[in-house]
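Single-letter residue listing:
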Amino acid sequence: MTTINQTFSPGRFASYMQKSWGENRRRLLLYAAIAIAALVSIDIIAVIFSFFDARNIIENNPDTLGRDFIYYSARYRSTINNWFIFLSATTLIIASSMMFSRCASKEGKLRDLMCPASPLEKYLTSFLTYIIGGWLIVGVMYLFSYHILPAAMDALTPYGAFYRMKPLIESTKKCDGNTQWITVIFIAYLFLQSFFALGSAVWPKASYFKTFGAGFLIFGAMLLITIFLVAHFIEKYQLYHGDCAQWLVSAPLHLSIAGVMTVVNYALAYMRYREMDVINKW
């Protein structure tokens, strides 16, 4: 057997993925259903609370360009946007913190060790299941909030214009139409996933809470340093553009650093998992 086949074999990888999915399918589908149900419940509550505003405004003043219509409709969209961003981030974080949950117990570590697949194949299976799978769940959540629910309200009520959602990339425009914020959110999601995946490799048991605690200390210190540097940067160079600080022009550098750190976190997670596999063998 060649070194390449020992490290990665497409057939063995496919067999292990099928085995892993078969053993964990019900649990994974349950977690996905809970995440989607949480978003659906909050969206429906938001619709119920805003329904009377929509009815009163449209029936009393059918002008969809009126001040009240624009204000209350924008408030509804803001509620949907904020809850989607929060719940999607929570979903991705929890999913990535489960990446190595199978090794949380001695029995789980033994089963993982005895499985005839290489560490890389097991790692890639976990990556596809929990990292890419998390994004699939977020995609379903986005589809419901921004397409299915508005279409349903448009079909079932005469107030469809009130519930019409803008794409998230339009809703997060800042700084005179600058769309960098959606990029910031996306990169932040990727980085958080990688950080909690690394935490799962370091602490397979209760990974979410331990990583969150470690992250709170690390990110707290980083946040204080960032605030100090940004404040100093803006004050020194007077970088303003209307009401918007022009330090956003440095966002590509920050995002590039976050992208590199994301890759580093996943590499460290793999190295830690391989180390754990070698220790268990001995």
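Numbers given for residues are sequential positions, taken from 1 along each chain in its written order. Selection of residues for local features in this predicted model requires a pLDDT of at least 70, selection of side-chain atom pairs for listing and counting requires 80 or more, and totals for whole chains, interfaces and linings are taken over all residues. The side-chain quantities take in all heavy atoms of the structure and omit both hydrogens and water.

With respect to the packing of aromatic side chains
Thought 1: Any two of the Phe, Tyr and Trp rings considered here, Trp counted by its six-membered ring, make a pair once their centres fall within 6.5 Å; the pair's planes then place it as stacked at under 30 degrees, edge-to-face at over 60, or tilted in between. With the rule as written, the count across this model stands at twelve aromatic pairs.
Thought 2: Their ring planes at 80° and their centres at 5.9 Å tell us that Trp83 and Phe86 sit as a pair that is edge-to-face. Here Phe86 and Trp83 lie together in helix H3 (residues 67-97), a separation of three residues that amounts to about one turn.
Thought 3: With centroids separated by 4.4 Å and ring planes inclined at 20°, the aromatic side chains of Tyr142 and Tyr146 adopt a geometry described as stacked. Pair noted here: Tyr142 and Tyr146 are both in helix H5 (residues 119-156), with a separation of four residues, about one helical turn.
Thought 4: Through a chain of ring-to-ring contacts, the aromatic side chains of Phe100, Tyr123, Tyr270 and Tyr273 assemble into a single cluster. Working definition: helices are DSSP H or I runs of at least four residues, strands are E runs of at least two. Numbering for both runs from the N terminus.

Thoughts on the environment of Ala104
Thought 1: The residue Ala104 is located in the loop between H3 and helix H4 (106-114) in this model.
Thought 2: By relative accessible area, which is 32% here, Ala104 ends up partly exposed.
Thought 3: Measuring from C-alpha to C-alpha, the distance between Ala104 and Ser200 comes to 9.2 Å, with 96 residues separating the pair along the chain. Between buried and exposed lies partly exposed: a residue is buried under 20% and exposed over 50% of the maximum accessible area for its type, with that area taken using a 1.4 Å probe on protein chains only.

Section: the environment of Trp83
Thought 1: With relative accessibility at 37%, the residue Trp83 sits in the partly exposed group.
Thought 2: As a C-alpha pair, Trp83 and Asp43 span 40 residues in sequence and 8.3 Å in three-dimensional space.
Thought 3: The contact rule is simple, with two residues in contact once any of their heavy atoms fall within 4.5 Å. Not counting residues within four places of it along the chain, the set of residues in contact with Trp83 comprises Leu39 and Ile42.

Points about the side chain of Ser145
Thought 1: One can find Ser145 in helix H5.
Thought 2: Overall, the relative accessible area of 1% leaves Ser145 in the buried class.
Thought 3: One polar contact links Ser145 to Asp43, side chain to side chain, over a distance of 2.5 Å.
Thought 4: What Ser145 contacts, discounting residues up to four positions off in sequence, is Leu39, Asp43, Ile80, Pro150 and Met165. Residues adjacent in sequence count toward polar contacts only when both atoms are side-chain atoms; beyond that, a polar contact is any pair of N or O atoms within 3.5 Å, and within protein one must be able to donate a hydrogen and the other to accept it.

Read these as spatial facts, not as claims about activity.
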